[in-house]
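# A look at the structure
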Amino acid sequence: MSYYADVILPLNIENLLTYSLSEEMRHQCQIGSRVAVPLGKKKLYTAVVVNIHQNQPLHYEAKPVKEVLDHYPILSINQLKLFKWVKKYYLSSFGLILKACLPNALLIQSETLLQLNDKISYKKQNLSDDEYLLLEAVEKHTQIKMSDAQKILGKTSGLKVANKLISRDLISIDRHIRRKYKPKLKTYIRINKTYETTENLKTLLNNLGRAHKQKEVVLHYFKLMGKSTKPLSKQNFKSQIDASDSVLNSLIDKGVFEEFSIQQDRIKNSKITTANHFSLSTPQREVFETIKSHFNSDDVVLFKGVTSSGKTEIYLKLIKEYLEKQQQILYLLPEIALTTQLIQRIKSQFADKVFVYHSKYSANERVEIYRHVLNADSGQIIVGTRSSIFLPFKNLKLVIVDESHENSYKQYDPSPRYHARDTAVVLASIHRAKVLMGSATPSLESFYNVKEGKFKYVELNKRFGDVKPPVIKTIDLKDKYKRKKMKGHFSDTLVERITETLSKGKQIIVFQNRRGYSPIIECLTCGHSPQCPHCDVSLTLHKTNNTLRCHYCGYRMAVQNKCLSCGSQDLSSMGFGTEQIEHEAKDLFPKANVKRIDLDTTRGKYDFENLIAGFENLEIDILIGTQMLTKGLDFRNVDLVAVMHADGLFNFPNFRAFEKSYQLLTQVAGRAGRTKTQGEVLIQTFQPQHRVIQDVITENYTNLYEQEMAQRLHFHYPPYYRIIKLVFKSKDYNRLNEAADWMGIYLKQIFSKNILGPEFPGIARIRNKYIKHIIVKIPPEQSITKTKSYLIKGIERYKAVSKFKSVRLNVDVDPYT
DNA sequence: AGCACGCCGACT
DNA sequence: GTCGGCGTGCTC
Ligand SMILES: [Zn+2]
Ligand SMILES: [Zn+2]
């Protein structure tokens with residue numbers, strides 16, 4: 001009897017495919033091993049074995065596995081369990097889950113590029129002839145396609161040999177796409193401490209004698225330091241002195257000036273103050289002990305800690321205990337919160353036990369970490385973004401989900417559309433691990449789980465050390481506009497407070513959750529406003545390069561000074577974004593260094609890190625930004641946070657709009673006064689009495705929770721009801737309507753009033769594709785599994801209708817919107 | 001994901 | 001007539 005292997009291919013294929021195994025291969029390969037298999041006409045794919053059996057397929061002849069790539073599994077049984085859950089719960093396919101799980105470099109295909117690694121000469125010994133041949137080919141061409149390697153060595157051994165070379169670190173794939181991620185550090189200049197006294201300085205100037213230029217440079221330095229105490233970057237200093245680089249460099253060589261970089265300094269500091277022996281405050285210790293005692297009886301704990309309460313120290317203490325027991329810990333963070341700041345802090349505690357898993361890292365680095373986790377033989381702390389829940393943990397005992405309210409834990413495209421917070425709970429239960437969810441503003445779902453007794457709860461309402469909560473005040477825009485107290489979008493009060501803060505040498509954060517200059521340009525004569533030709537949205541004005549842009553498809557056109565419809569020149573802009581605020585702030589505060597941080601100013605690889613560093617180093621006085629600057633960043637010198645237009649947050653067509661507004665405003669407010677001086681938060685709004693704003697001011701999460709939950713219950717929304725969203729997309733408007741209507745009728749027959757739609761979403765067309773939604777609401781008493789099986793049946797029937805073939809259907813379980 | 005297959009408009 | 005663009009189906 002011959003043997004067969006069921007494999008997952010990293011493609012969107014519904015079923016597992018079965019290949020035959022030779023006797024030899026059967027012994028080489030295990031469940032979880034990678035194999036090379038032929039698919040379709042000629043291509044070889046990397047697949048993963050999930051089942052080995054002797055049942056010959058009845059209706060087709062199984063093709064043979066070409067090659068066993070791993071003699072030991074790279075996918076564990078526990079990962080397969082998680083795959084099964086994700087497939088069933090999120091209605092996805094194994095292939096796409098596998099793709100989300102394995103680093104691409106483990107799934108090489110014919111089109112993959114092979115490239116030479118640096119510094120390989122010392123590893124070149126003991127290569128087989130084939131390995132040598134391939135390495136030579138790569139060396140000669142610097143990069144070749146996998147298919148070329150297969151031409152040289154034959155289909156099978158090409159793949160095998162390439163894999164060997166990759167595992168020996170000689171070649172790698174896709175290196176040009178993601179370079180090693182290393183934020184650049186700016187060099188700063190300061191005078192050697194000994195010359196800070198007048199006396200020593202005099203001696204120095206005397207000693208410099210004939211070196212006039214050097215004297216000048218030293219004097220210029222003191223002149224600058226007299227004006228401002230901000231750190232001086234080397235680059236900036238060089239541009240100001242009228243001398244060649246060698247002058248400054250020889251002063252540095254003599255030890256008169258010293259170079260330093262601020263980030264490194266901070267790490268050093270944190271090593272001295274925190275490494276190994278930091279201790280928790282009494283309230284922190286209480287929380288720590290409560291979490292541990294909860295873990296004795298329960299699996300999931302929700303930890304609500306106000307901003308600046310020192311949540312991270314508690315996590316670190318917990319991590320330490322698990323590491324000492326040689327166990328694995330997963331520390332999940334939203335992408336924006338996974339900053340170098342935080343990584344350094346964790347590394348200063350746990351050094352080489354720390355592994356960071358992040359999409360910014362290169363393909364090879366990710367493979368390396370994947371293998372480290374797979375082969376762990378001692379404790380590990382894995383810090384990662386949502387996809388790290390798919391890593392091959394062996395001995396996972398604790399999962400921390402930080403900022404657990406963050407919606408970026410929910411993946412949308414591509415499928416699997418999983419929520420990493422919820423999947424983490426399943427992951428933990430597979431491993432019999434504990435879960436700690438942290439947030440200053442927990443999601444209603446999590447808090448509801450506490451009320452239902454599913455999660456345990458602990459809170460920390462005291463800020464760490466002497467930090468006082470920021471004072472939050474509203475500014476009534478209606479009144480300010482009526483009394484003509486506005487300068488652009490800044491009220492007089494705000495201008496006053498900013499000026500005052502600047503004069504104290506403190507920093508300001510200005511929040512406006514919309515990028516660009518202005519979202520709509522309207523003709524005052526005929527009312528026309530320029531629309532995107534591919535999407536149903538109006539174009540946003542970007543003054544920086546005088547373009548009108550679509551934020552959905554990227555379409556851009558030059559700014560028109562006449563109305564495109566009637567030719568009138570009477571155009572007016574409506575609404576405002578960060579760019580406009582930046583312009584106004586530069587006018588209002590000409591002496592301040594104003595910078596903007598949003599998607600448009602952070603396109604480059606290091607832009608984000610550089611802006612954050614600039615702000616931390618006190619180079620930037622006023623930082624204007626979107627929600628990008630709300631997450632976890634720890635700015636020590638910020639005294640004032642301004643929200644330009646809170647009302648913009650409430651009007652999103654989304655049942656979570658208020659919850660999200662509360663979270664955003666609270667997080668933004670948390671950026672103010674993270675040290676001993678009490679921070680101030682000014683919220684400009686047309687509705688100062690809005691209940692969400694009032695809850696933010698009084699830190700009244702309970703009230704927000706109760707009010708929101710009443711709404712959710714009344715309108716049948718989560719957490720009471722579950723939601724599944726069906727998204728239909730098509731270029732053909734009529735087909736789309738027909739298809740969505742068909743499904744709507746089918747579902748209404750089963751679920752009647754618990755079906756919403758089909759209806760067009762707020763933006764009915766993106767990239768020339770029309771969109772329609774159907775919402776399936778699942779009442780608390782209705783079985784989710786049953787509902788899904790009805791849904792799957794419906795989708796199967798739908799897919800059998802040939803005229804709907806051109807209409808794409810996506811299923812989103814527990815959608816965010 | 002590819003790649004073949006088939007349908008429809010444009011062009012030798 | 002047929003060349004080739006794209007939309008659709010299938011892969012063990
Ligand atoms: Zn007009
Ligand atoms: Zn568009």
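Residues numbered from 1 in each chain as written. Chains lettered and ligands numbered in written order. Predicted model: local features only at pLDDT ≥ 70, side-chain atom pairs only at ≥ 80, totals over all residues. Heavy atoms only, no water.

## Let's talk about the coordination of the zinc ion (ligand 2)
Stated formally: Distances define the donors: N, O and S atoms within 2.8 Å of the metal qualify, as do those within 3.2 Å of Na, K or Ca. Water is excluded, so some sites may look unfinished. By the criteria applied here, four donors are tetrahedral when all angles lie between 85 and 135 degrees, four are square planar and six octahedral when opposite donors are over 155 degrees apart and every other angle lies between 65 and 115, and any other arrangement is irregular. Working definition: with a 1.4 Å probe on protein chains only, accessible area under 20% of the residue-type maximum means buried, over 50% means exposed, and in between means partly exposed.
Looking at the zinc ion (ligand 2), the protein donor atoms are C532 (SG), C535 (SG), C550 (SG) and C553 (SG), and they sit 2.2 to 2.4 Å from it. Note that the zinc ion (ligand 2) binds 4 donor atoms; their angles at the metal cover 104 to 113 degrees, and the shape is tetrahedral. All donors of the zinc ion (ligand 2) belong to a single chain; written as a sequence motif, their spacing is C-x2-C-x14-C-x2-C. The buried category is assigned to C550, whose relative accessible area is 3%. The class for C553 is buried, based on a relative accessible area of 18%.

## Comments concerning the packing of helix α2 (residues 77-90) against helix α3 (residues 94-101)
Applicable threshold: Axis angles are defined between N-to-C directions and span 0 to 180 degrees, where every axis is a line fitted to C-alpha atoms and, for a helix, only to the segment in contact. Numbering goes from the N terminus for both helices and strands, where a helix is a DSSP run of H or I of at least four residues and a strand is a run of E of at least two. Should an angle lie under 35 degrees it is considered roughly parallel, over 145 roughly antiparallel, and from 65 to 115 roughly perpendicular; all remaining angles are considered oblique. Crossing chirality is assigned from the near helix's rotation relative to the far helix, an anticlockwise turn below a right angle marking it left-handed and a clockwise turn marking it right-handed. Residues are treated as being in contact if the distance between any of their heavy atoms lies within 4.5 Å. For this scheme, ten residues count as nonpolar: Ala, Val, Leu, Ile, Met, Phe, Trp, Tyr, Cys and Pro. Four count as charged, namely Asp, Glu, Lys and Arg, and the remainder, Gly too, count as polar.
Where α2 contacts α3, the two axes come as close as 10 Å, and the packing angle between them is 125 degrees. Considering the angle they form, α2 stands oblique to α3. Of the two elements, α2 crosses α3, and the hand of that crossing is right-handed. Contacts from Q79, F83, K84, V86 and K87 of α2 reach α3 at F94, I97, L98 and C101. Residue classes in the contact of α2 with α3 are distributed as 6 nonpolar, 1 polar and 2 charged.

## Details of the coordination of the zinc ion (ligand 1)
The protein atoms that coordinate the zinc ion (ligand 1) are C523 (SG), C526 (SG), C563 (SG) and C566 (SG), at distances spanning 2.3 to 2.4 Å. Angles of 108 to 111 degrees at the metal separate the 4 donor atoms of the zinc ion (ligand 1), which places the site in the tetrahedral class. Mapped onto the polypeptide sequence, the residues donating to the zinc ion (ligand 1) form the spacing pattern C-x2-C-x36-C-x2-C. Of this pair, C526 sits in the loop between β23 (520-523) and β24 (540-542) while C563 sits in the loop between β26 (556-558) and β27 (571-574), and the two are 37 residues apart along the sequence.

## Some details on the packing of α2 against helix α16 (residues 420-431)
The contact between α2 and α16 brings their axes to 10 Å, and the two run at 145 degrees. Between α2 and α16 the crossing geometry is right-handed. Between α2 and α16, the residues in contact are N78, K81, L82, W85, V86 and Y90 and D422, T423, V426, L427, I430 and H431, respectively.

## Some thoughts on the environment of C523
Relative to the elements of secondary structure, C523 occurs in strand β23. Residue C523 is classed as buried on the basis of its relative accessible area, which comes to 2%. Sequence separation between C523 and S565 is 42 residues; the distance between their C-alpha atoms is 8.7 Å. Setting aside residues no more than four positions away along its own chain, C523 makes contact with H528, C563, C566, S568, D570 and L571.

## Observations concerning the sheet that holds strand β11 (residues 257-260)
Put simply, the rule is: Note on pairing: two strands pair once DSSP finds at least 2 bridges between them.
Across the sheet, 3 strands lie side by side as β10-β9-β11; this open sheet has antiparallel pairing. Taken across any chain shown, the strands that pair with only one partner, and hence form the sheet edges, are β10 (232-233) and β11. When strand β9 (residues 188-191) meets β10, the two strands line up antiparallel, connected through 2 bridges. Bridged to Y188 within β10 is S233.

## Let's talk about the protein's contact with DNA strand C
So the rule is basically this: When we say a residue is near a molecule or strand, we mean one of its heavy atoms is within 4 Å of it. Distance and chemistry together define a polar contact, namely a pair of N or O atoms within 3.5 Å, with one atom able to donate a hydrogen and the other to accept it when in protein, and with adjacent residues in sequence counting only for side-chain atoms on both sides.
Around DNA strand C, the surrounding shell consists of I13, L17, T18, Y19, P38, L39, G40, Y60, A62, K63, K805 and S806. Each atom of DNA strand C within 4 Å of the protein belongs either to a base or to sugar and phosphate, the latter forming 70%. Taking Y60, its side chain carries an N or O atom lying 2.2 Å from a base oxygen of DNA strand C. At 2.8 Å, a side-chain N or O of K805 approaches a phosphate oxygen of DNA strand C. Residue contributions to the surface near DNA strand C peak at 3 residues, all from strand β2 (residues 17-21). Across the surface near DNA strand C, the residue classes tally to 7 nonpolar, 3 polar and 2 charged.

## Some thoughts on the packing of aromatic side chains
Two aromatic rings, taken as a pair, are described by how far apart their centres are and by the angle between their planes. Note the following rule: Planes of paired rings set the category: under 30 degrees apart is stacked, over 60 is edge-to-face and the rest tilted, where pairs are Phe, Tyr or Trp rings (Trp by its six-membered ring) whose centres lie within 6.5 Å. Here, a charge over a ring means that NZ of Lys or CZ of Arg falls within 6 Å of the ring centre while also lying within 35 degrees of the ring normal.
Within the structure shown, the criterion is met by 27 aromatic pairs. Judged by centre distance (4.7 Å) and plane angle (75 degrees), the ring pair of Y89 and Y90 falls under edge-to-face. An identical accessibility class is assigned to Y89 and Y90; each is buried. With centroids separated by 5.0 Å and ring planes inclined at 80 degrees, the aromatic side chains of F447 and Y701 adopt a geometry described as edge-to-face. Note that F447 is positioned in helix α17 (residues 444-451) and Y701 in helix α25 (residues 701-714), a separation of 254 residues in sequence. Both residues of the pair, F447 and Y701, belong to the buried class. The cationic tip of K87 hangs over the ring face of F94; the distance from NZ or CZ to the ring centre is 5.1 Å. Seen from the ring of Y322, K325 lies directly overhead, with NZ or CZ sitting 4.8 Å from the centre.

## Re the UniProt feature "domain: Helicase ATP-binding" (unreviewed entry) in chain A
Condition: UniProt positions are given in the numbering used here, feature names are shortened, and annotations may be inferred rather than shown by experiment.
UniProt tags residues 292-460 as "domain: Helicase ATP-binding" (unreviewed entry). Secondary structure over residues 292-460 splits into 37% helix and 22% strand, and the C-alpha atoms at its two ends are 15 Å apart.

## A short note on unusual backbone geometry
Note on backbone geometry: most residues besides glycine have negative phi, and most peptide bonds are trans. P414 follows D413 through a cis peptide bond whose omega is -5 degrees. Mapped onto the elements, P414 comes out in the loop between β16 (396-401) and α16. Between S415 and P416 the backbone carries a cis peptide bond, its omega angle lying at 5 degrees. By secondary structure assignment, the location of P416 is in the loop between β16 and α16. With a phi close to 50 degrees, L91 is a non-glycine residue in the positive phi region. Here L91 is to be found in the loop between α2 and α3. Unusually for a residue other than glycine, S308 sits at a positive phi of about 70 degrees.

## Some remarks on the sheet that holds strand β13 (residues 328-332)
Spatially, 7 strands are ordered β14-β15-β13-β16-β17-β12-β18 in an open sheet, and the strand pairing comes out parallel. One side of each edge strand has no neighbouring strand; the edge strands of this open sheet are β14 (354-357) and β18 (456-460). Here the average twist between neighbouring strands, direction ignored, is 20 degrees. As defined by bridge partners, β13 adjoins strand β15 (residues 380-384) across 5 bridges and the pair is classed as parallel. Counterpart to L332 in the pairing with β15 is G384. Each of β12 (300-305), β16, β17 (434-439) and β18 touches helix α12 (residues 282-297); the most contacted strand, β18, lies at about 175 degrees to it.

## A look at the pattern of salt bridges
Going by this rule: Take a side-chain nitrogen of Lys or Arg and a carboxyl oxygen of Asp or Glu: if they are within 4 Å of each other, that pair is a salt bridge.
Following the criterion strictly, the structure yields 28 salt bridges and no others. Residues R417 and D413 are paired through a salt bridge, measuring 3.2 Å at the closest nitrogen-oxygen approach. Note on R417: relative accessible area 6%, which makes it buried. Between K586 and E582 there is a salt bridge, with the nearest N and O atoms lying 3.1 Å from each other. With K586 and E582 both in helix α20 (residues 578-588) and 4 residues apart, this pair spans about one turn of that helix. On the accessibility criterion, K586 (42% relative accessible area) is partly exposed. Its relative accessible area of 11% is what places E582 among the buried residues. Taken together, the shared-partner salt bridges in this structure form one network comprising K473, R497, E500 and E680.

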